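Commentary on secondary and tertiary structure
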Amino acid sequence: MTDQHVENIPSLREEGNRARKLIGDRGNHFLKQIEGETRANISACYQCFRCTNACPVSQYMDIKPHQVIRYIQFGWREALLQSSTIWVCLSCEMCTTYCPNEVQVAETINHLRNMAAHSSIAPKEKQLALFHQTFLEALRHFGRVNEFWLMGALNLKPGILKEKIRTGALTEEMALGLLLFRKGKIKLLPQRCRAMGEIRKLYRQERGEMD
Amino acid sequence: MELAFYPGCSLEGMAIDYSRSITAVFRDLDIELEEIEDWSCCGATAAHSLSESMAVTLPARNLAQAEKMGLDIVSPCPNCYNRLRASQIMIQKKIIDVPWEVTGKNQVHEMTRFLAAPDMLVRIADRVRKPLAGLKVVCYYGCQMVRPPRITGYTDYENPRTLDSIMTAVGATAMDWSYKTTCCGASIGIGRRDIQEFLTARLLDKARQADAEAVVTSCPLCHANLDLLQRKETQSTIPVFYFTELLRLTFDPGNASSKWFRMHITDPVPLLMKKELLR
């Protein structure tokens, strides 16, 4: 069907205008960016829903996995970075494994999570985002991660303790900690890695510091 | 035989029981495990969530350390295995630069697959002194050990058989079930308890429906999730074992006592007593 032909049919013309509005002035810039950075073949998605059907947590997501791919095609960057989907995703790789077109859905969602972490957009699932951040802080301190230190440091992050007291999660967490401690499963301090200089260098490299 | 052992952070903390049983089992099998010199964390989920490049560089240091030792690596934790393999592939393809001397030529073994090789199964069966006769288990693999197949190298990622064949070799009955590789929720319970409980409770329900008396796993995080969820349950609990704990029970029944299992939240002792596997 030629463009001319499309323009002559009012309903299709409207459809075309709407699509143009959806994709916006940015064209396929965002799609190309994501495809380039992740090497995922996002254009190949034909919306078969297999990713969403395989996903164990799709009912908790505001943008379902197949929609994530569609949103990227549309260039809806902000909606994706503001979504809970990117934080709820477990990286269990079901979607990637079952995609008939080898669109790397889990890796793409993970890449969006990376982008959100380096953007000014506040994460929709604050506790989950802070947990990842605290984990990397623990790693920077000791080179290894210790559960007790990790949970303690997470609770000291702004707003976390208040939220946990409000929901009553704190009492439960303390009871669990005590139970684990009695069972001998909790070690109070991590074993420290000796090569901390090498590991901290990776962190500096990540921030773009050269030395 | 000698292997470089990469324990991972969990095995120093919550999974200390797993760590102890691994040491004992490998000693019994005459395989020497040499802990990787001054190993560091692989970054786990947090690293790849926030920084894709650090998810490759962090495990690379351990690959470099193992290459210095000149040994192949064995990893008991599926997540560590997955991260080490992902890093190894990136290094082999020269996609990313790391500040260490590393080629990625030393093999990374996933522990259950290493022990489920035909010659290893014979070695395990030879060591059995008291088979787990009449014990019905379901084997739970989780996500990271099998997916994505292009990293883990599993061709039977929908129905992995490694743990099943090990359990069969020591006389247990491995029940068939459809939830072998369904996610347990990993660390999502930290921020979203509702999701965690939904996923883990479903696994336990399905294990009961499959007529299993125990769940066998090799992942420290899966074990913690499945075990801890049952702390408030009063009626029918289902014990969760690391597969090495059960191997140890069959290899050395003389020294078996209920003390071994005191670290579990869901007490497995009554079940083992009932099966006369423990005195």
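Nothing here was measured: the structure is a model prediction, and the numbers come from that model. (Residues numbered from 1 in each chain as written. Chains lettered and ligands numbered in written order. Predicted model: local features only at pLDDT ≥ 70, side-chain atom pairs only at ≥ 80, totals over all residues.)

Here we come to the packing of helix H3 (residues 54-69) of chain B against helix H4 (residues 78-92) of chain B. All names here are of chain B. Where H3 meets H4, the closest approach of the two axes is 8 Å, and the angle between their N-to-C directions is 95 degrees. Overall, the two elements H3 and H4 adopt an arrangement that is roughly perpendicular. The residues of H4 that touch H3, namely those facing Ala 55, Val 56, Pro 59, Ala 60, Asn 62 and Leu 63, are Arg 83, Leu 84, Ala 86, Ser 87, Gln 88, Met 90 and Ile 91. Considered class by class, the residues forming the contact of H3 with H4 number nine nonpolar, three polar and one charged. (Axes fitted to C-alpha atoms, helices over the stretch in contact; angles between N-to-C directions. Helix = DSSP H or I, 4+ residues; strand = E, 2+ residues; numbered from the N terminus. Parallel < 35°, antiparallel > 145°, perpendicular 65-115°, else oblique. Contact = placed C-beta atoms within 7 Å. Nonpolar A, V, L, I, M, F, W, Y, C, P; charged D, E, K, R; others polar.)

All names here are of chain B. Taken in spatial order, the four strands make up an open sheet running S2-S1-S3-S4, and their pairing is parallel. Edge positions in the open sheet fall to strand S2 (32-35) and strand S4 (108-110), since each of these has one partner strand only. Sheet twist, expressed as the average angle between the axes of neighbouring strands with direction ignored, equals 40 degrees. Note that strand S3 (residues 73-75) and S4 share three bridges and pair parallel. Each bridged residue has a counterpart across the sheet, and for Ser 75 the counterpart in S4 is Glu 110. (Pairing = 2+ DSSP bridges.)

What follows deals with the sheet that holds strand S5 (residues 136-140) of chain B. All names here are of chain B. As summarised here, the arrangement of the four strands in space is S6-S5-S7-S8, forming an open sheet in which the pairing is parallel. Both edges of this open sheet fall to strand S6 (173-174) and strand S8 (240-242), since each of them pairs with a single strand only. Here strand S7 (residues 214-217) pairs with S8 via three bridges, running parallel. Each bridged residue has a counterpart across the sheet, and for Val 216 the counterpart in S8 is Phe 241. Across the sheet, helix H8 (residues 162-169) touches S5, S6 and S7, and the angle it forms with S5 is around 155 degrees. Packing of helix H11 (residues 243-251) onto the sheet brings it into contact with S7 and S8, and relative to S8 it is tilted by some 75 degrees.

Turning next to the environment of Ala 138 of chain A. Residue and element names in this part refer to chain A. As for its placement among the helices and strands, Ala 138 is situated in helix H10 (residues 126-142). For Ala 138, a count of 24 C-beta atoms within 10 Å corresponds to the buried category. Here the alpha-carbon distance between Ala 138 and Pro 190, two residues 52 residues apart in the chain, equals 9.4 Å. (Buried ≥ 20, exposed ≤ 12 C-beta atoms within 10 Å, placed from the backbone.)

Residue and element names in this part refer to chain B. Along its sequence, chain B is organised into domain 1 (2-112) and domain 2 (128-274). Here the C-alpha centroids of domain 1 and domain 2 sit 23 Å apart. Each partner contributes residues to the interface: domain 1 has 24 residues there, and domain 2 has 24 residues. Of all the elements in the fold, those that place two or more residues in the side of domain 1 that touches domain 2 are helix H1 (16-28), H4 and helix H5 (111-115). Of the residues assigned to the side of domain 1 that touches domain 2, the class counts are 14 nonpolar, six polar and four charged. (Domains from an automatic or database assignment.)

Turning to unusual backbone geometry, a few remarks are in order. Cis rather than trans, the peptide bond between Arg 147 of chain B and Pro 148 of chain B has omega equal to -10 degrees. Mapping Pro 148 of chain B onto the fold places it in the loop between S5 and helix H7 (149-152).

Time to look at the interface of chain B and chain A. Contact with chain B, which involves 43 residues of that partner, is made by 44 residues of chain A. When residues of the side of chain B that touches chain A are traced back to their parent elements, those giving at least two are helix H2 (44-50), H3 and helix H9 (193-209) of chain B. No other element matches H2 of chain B, which puts seven residues into the side of chain B that touches chain A. Here the residues of the side of chain B that touches chain A are counted per class, giving 23 nonpolar, 13 polar and seven charged.

Moving on: H11 of chain B. Residue and element names in this part refer to chain B. Among the nine residues that make up H11, nine are buried, leaving the element largely enclosed by the rest of the structure. What H11 keeps buried is the set Phe 243, Thr 244, Glu 245, Leu 246, Leu 247, Arg 248, Leu 249, Thr 250 and Phe 251. Those residues of H11 that are buried lie in contact with H1, H5, helix H6 (118-127), H8, S7 and S8.

Attention shifts here to the nonpolar core. Nonpolar side chains tend to gather and get buried jointly when the protein is soluble and globular. Val 137, Val 215 and Val 216 of chain B are the most contacted members of the largest nonpolar core, which has 137 residues in total. Those residues in contact with Val 215 of chain B, other than ones at most four positions away along the chain, are Val 137, Val 138, Tyr 140, Ala 207, Leu 226, Ile 238 and Val 240 of chain B. (Core = buried A, V, L, I, M, F, W, Y, C linked by C-beta atoms within 7 Å.)

Before going further, it helps to spend a moment on the pairing of S2 of chain B. Residue and element names in this part refer to chain B. Pairing of strand S1 (residues 2-5) with S2 involves four bridges; the strand directions are parallel. Looking at the pairing, Leu 3 lines up with Leu 33 of S2. Handedness of the crossover joining S1 and S2 through H1 is recorded here as right-handed. (Right-handed = clockwise from strand over helix to strand, strands pointing away.)

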